[in-house]
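These are the residues of each chain, in order.
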Amino acid sequence: MAKPLVALLSGAGISTDSGIPDYRGPNGLWRRDPEAEKLVTYEYYMADAEIRRRSWLMRRDSGALGARPNAAHRAVAGLERSGVPVRVLTQNVDGLHQLAGLPARKVLELHGSARAVVCTRCHVRGPMEDALARVAAGEPDPPCLECGGILKPATVMFGERLDPVVLGEAAAIAKACQVFIAVGSSLQVQPAAGLAGVAADHGARLVVVNAEPTPYDDRADEVIREPIGTALPALLARLAAEGGA
Ligand SMILES: [Zn+2]
């Protein structure tokens with residue numbers, strides 16, 4: 001018998017133990033600082049070289065590329081290695097699920113990746129590390145090396161649409177899974193909230209792991225308020241022992 005599919009939706013809360021703050025949640029840093037929010041808003045970024053210069057410096061100084069996966073990321077990768085079919089839908093752009101050993105094809109990055117850059121004209125992609133090295137070497141706003149176009153982080157900025165292909169795949173996984181675990185997400189913004197609803201509507205067992213209450217707690221089969229770094233490994237070990245569901 002095929003093992004049940006586990007879908008795990010992760011939000012900022014899974015990465016706080018790795019030293020990455022919540023930037024873009026409803027109460028995130030960017031929402032509370034209009035000047036900082038401009039640096040990650042597409043319209044301002046594209047229109048103003050000074051905004052781009054400050055945006056690159058912010059990325060250089062954030063140290064986010066140096067963040068390491070924590071026990072929760074490792075537990076998710078471990079569940080996949082144990083033979084349970086796992087797909088991760090993440091609101092995070094930190095790439096820590098993959099760094100923990102989860103194959104990239106198992107991870108859908110709803111908001112893109114801060115570990116890559118993309119050209120806004122020819123759409124070629126490259127490592128963020130290389131772009132930041134160019135900034136450090138004296139290019140305040142490094143252009144695309146292929147076409148000279150404006151480079152941006154491969155993240156979904158405010159004012160940009162989410163990738164419809166990624167969204168479609170995420171909805172299909174939410175419909176198909178037997179277990180849907182929402183971890184470290186307030187479930188207050190789309191598409192995260194909608195995905196939890198789709199999973200519940202299609203009969204998945206819904207588990208919410210979050211410090212604060214979410215709008216989906218009353219639809220959940222289980223709500224866990226304990227710290228993610230210990231609660232998620234324990235939950236996933238229990239799932240693996242049950243055979244996934
Ligand atoms: Zn280009």
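Conventions used here
- Residues numbered from 1 in each chain as written.
- Predicted model: local features only at pLDDT ≥ 70, side-chain atom pairs only at ≥ 80, totals over all residues.
- Heavy atoms only, no water.
- Helix = DSSP H or I, 4+ residues; strand = E, 2+ residues; numbered from the N terminus.
- Buried < 20%, exposed > 50% of the residue type's maximum accessible area, 1.4 Å probe, protein only.
- Polar contact = N/O pair within 3.5 Å; in protein donor to acceptor, adjacent residues only side chain to side chain.
- Contact = heavy atoms within 4.5 Å.
- Axes fitted to C-alpha atoms, helices over the stretch in contact; angles between N-to-C directions.
- Parallel < 35°, antiparallel > 145°, perpendicular 65-115°, else oblique.
- Left-handed = near helix turned anticlockwise from the far one by under 90°.
- Nonpolar A, V, L, I, M, F, W, Y, C, P; charged D, E, K, R; others polar.
- Donors = N, O, S within 2.8 Å, 3.2 Å for Na, K, Ca; no water.
- Tetrahedral: all angles 85-135°; square planar, octahedral: opposite > 155°, others 65-115°.
- Domains from an automatic or database assignment.
- Buried area = accessible area lost by both parts, 1.4 Å probe.
- Core = buried A, V, L, I, M, F, W, Y, C linked by side-chain atoms within 4.5 Å.
- Pairing = 2+ DSSP bridges.

A word on the side chain of Ser 55
Logical step 1: Mapped onto the secondary structure, Ser 55 falls in helix α4 (residues 49-62).
Logical step 2: Looking at Ser 55, the relative accessible area reads 1%, which means it is buried.
Logical step 3: Here the side chain of Ser 55 touches Leu 39 through a polar contact of 3.4 Å, landing on its backbone oxygen.
Logical step 4: Apart from the residues within four sequence positions on either side, Ser 55 is in contact with Leu 39 and Tyr 45.

Quick look at the packing of α4 against helix α7 (residues 128-136)
Logical step 1: For the pair α4 and α7, the least separation of the axes is 10 Å and the interaxial angle reads 110°. In terms of axis orientation, α4 runs roughly perpendicular to α7. Our pair here, α4 against α7, has a crossing hand that is left-handed. Between α4, through Trp 56, Leu 57, Arg 59 and Arg 60, and α7, the contact on the second element is made entirely by Met 128, Ala 131, Leu 132 and Val 135.
Logical step 2: Residue classes in the contact of α4 with α7 are distributed as six nonpolar, no polar and two charged.

Let's talk about the coordination of the zinc ion
Logical step 1: Looking at the metal site, the zinc ion is ligated by Cys 119 (SG), Cys 122 (SG), Cys 144 (SG) and Cys 147 (SG), spaced 2.3 Å from it.
Logical step 2: Each of the four donor atoms around the zinc ion contributes to a set of angles spanning 99 to 115°, which defines the coordination as tetrahedral.
Logical step 3: In primary-sequence terms, the residues that donate to the zinc ion follow C-x2-C-x21-C-x2-C. Separated by 28 residues along the polypeptide, Cys 119 in strand β4 (residues 112-119) and Cys 147 in the loop between α7 and β6 (151-155) bring together distant segments of the chain.
Logical step 4: You can call Cys 119 buried: its relative accessible area is 1%.

As for the domain arrangement of the chain
Logical step 1: When the domains of the chain are assigned, the result is domain 1 (1-20 + 69-111 + 162-245) and domain 2 (25-66 + 113-155).
Logical step 2: Computed over C-alpha atoms only, the centres of domain 1 and domain 2 are separated by 28 Å.
Logical step 3: Contacts between the two partners involve 10 residues from domain 1, matched on the other side by six residues from domain 2.
Logical step 4: For the pair domain 1 and domain 2, the summed buried area comes to about 580 Å², and 57% of that belongs to carbon and sulfur atoms.
Logical step 5: In terms of surface lost to domain 2, no three residues of domain 1 exceed Val 93, Glu 109 and His 111, which account for 47% of the buried area on that side.
Logical step 6: Classifying every residue of the side of domain 1 that touches domain 2 by side-chain character gives four nonpolar, four polar and two charged.

What to know about the nonpolar core
Logical step 1: Formed by 26 residues in total, the largest nonpolar core has its most connected members in Val 76, Ile 181, Val 209, Leu 232 and Leu 236.
Logical step 2: Counting residues per element, this core draws most heavily on helix α10 (residues 228-242), which supplies six residues.
Logical step 3: Those residues in contact with Leu 236 that sit more than four places away from it in its chain are Ala 75, Val 76, Leu 79 and Ile 181.
Logical step 4: Core analysis: the next-biggest nonpolar cluster, separate from the first, contains 25 residues, Val 166, Ala 170, Ala 196 and Ala 220 among them.

Points about unusual backbone geometry
Logical step 1: Here the residue pair Gln 190 and Pro 191 is connected by a cis peptide bond, since its omega of 5° sits within 30 degrees of zero.
Logical step 2: The topology assignment puts Pro 191 in the loop between β7 (179-183) and α9 (192-201).
Logical step 3: Phi at His 123 is positive, roughly 70°, even though this residue is not glycine.
Logical step 4: Among the residues examined, His 123 registers a relative accessible area of 55% and is labelled exposed.
Logical step 5: Positioned with a positive phi, Leu 187 is a non-glycine residue whose angle comes to about 55°.
Logical step 6: Here Leu 187 is to be found in the loop between β7 and α9.

Side note on the sheet that holds β6
Logical step 1: Taking strand neighbours across the sheet as the criterion, the three strands line up as β5-β4-β6 in an open arrangement whose pairing is antiparallel. Taken across any chain shown, the strands that pair with only one partner, and hence form the sheet edges, are β5 (125-127) and β6. Here the strands of the sheet are splayed against their neighbours by 45° on average, with no regard to which way each runs.
Logical step 2: As judged from the five bridges shared by β4 and β6, these two strands associate in the antiparallel manner. Residue pairing across strands places Val 118 opposite Lys 152, the latter belonging to β6.
Logical step 3: The strands touched by α4 within the sheet are β4 and β6, with β6 carrying the most contacts at an inclination of about 50°.

Some points on helix α5 (residues 71-81)
Logical step 1: Three or more residues of α5 are buried, namely Ala 72, His 73, Ala 75, Val 76, Ala 77, Leu 79 and Glu 80.
Logical step 2: Buried residues along α5 sit against β1 (6-10), β2 (86-90), α6 (96-99) and α10.
Logical step 3: The residue sitting at the N-terminus of α5 and contributing the capping side-chain oxygen is Asn 70; that oxygen lies 2.8 Å from the backbone nitrogen of Ala 72.
Logical step 4: Immediately beyond the C-terminal end of α5, within one or two residues, lies Gly 83, with a positive phi of roughly 105°.

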